[in-house]
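Notes for the structure review
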Amino acid sequence: ASMQNQINKFSDDVGGAISDRILTEAEIRIIKNDLNDLKTQKDVIYQSYYTIYNNVNLDTIHKSGLSGAWNSYESSYNLLVNTINNLTADSDITDNERKTYEEAIAKYQKNYSELERQIQRCLDNISTKKVNALETSVNNKISTIDQKADSISLKVEEVEKTTVTNGNNINNLTTRMN
């Protein structure tokens, strides 16, 4: 499942479980399993983040934006985990716990979306830099080919002139001999 689907499932499971203000053992197990799934997804996201952040083609501005988005995401993830652990510590849900959860999940979703946006911006930046480098390389090779073609054309012109001159000299010699 996609990360956004995983977040939505988690939000739906927790929201449904706390709606009646009482958590059953089964609901707590489901929430804990969903939380483990979010942890697994976070680890996958971190690997993408790490790979992109350390890409030699990523510029400093995008790297900074990505780092800030990761830090905000990780902070909101930790807040969400702590909130869920508090929720599941007992079976009674207070209004304050419910409100704290709603704020934590909203912040988490917002920061995840921002991280996703920053990752895409960074991938675009890396791709653009690679394309530009390739374009420069191709243009340099074309320039080298053009220079060599110009040099060949000059040599052909010299050979043609020499041939015409030699042809004229042969004609002159032939005329003199006659």
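To be clear, the structure that these remarks concern was listed above.
Computed from a predicted structure; not experimentally measured. (Residues numbered from 1 in each chain as written. Predicted model: local features only at pLDDT ≥ 70, side-chain atom pairs only at ≥ 80, totals over all residues. Heavy atoms only, no water.)

Some words on the packing of aromatic side chains
Selection criterion: Stacked, edge-to-face and tilted are the three classes for Phe, Tyr and Trp ring pairs, Trp counted by its six-membered ring, which pair at centre distances within 6.5 Å; planes under 30 degrees apart are stacked, over 60 edge-to-face, the rest tilted. Here a strand is any run of E in DSSP of at least two residues, a helix any run of H or I of at least four, and the numbering for each starts at the N terminus. Per-residue accessibility, obtained with a 1.4 Å probe over protein chains only, is compared with the maximum for each type, and a residue is labelled buried under 20%, exposed over 50%, and partly exposed between these values.
Going through the model one piece at a time under the given rule, you end up with 9 aromatic pairs. Relative to W70, the ring of Y46 lies with its centre 5.3 Å away and its plane at 55 degrees, an arrangement referred to as tilted. Of this pair, Y46 sits in helix α2 (residues 25–53) while W70 sits in helix α3 (residues 60–87), and the two are 24 residues apart along the sequence. Each ring, one from Y73 and one from Y108, has its centre 5.4 Å from the other, and the planes form 40 degrees; the classification is tilted. Placement of the pair is Y73 in helix α3 and Y108 in helix α4 (residues 95–177), with a sequence separation of 35 residues. Exposure remark for Y73: the relative accessible area of 0% places this residue in the buried category.

Section: the environment of L115
We count it as follows: Between two residues, a contact is recorded if the distance between any of their heavy atoms is within 4.5 Å.
Tracing the backbone through its elements, the reader meets L115 in helix α4. Residue L115 is classed as buried on the basis of its relative accessible area, which comes to 1%. C-alpha of L115 to C-alpha of S72: the two residues are 43 residues apart in sequence and 8.3 Å apart in space. Discounting residues that sit within four places of it in the chain, L115 has contacts with I45, L66, A69, W70 and Y73.

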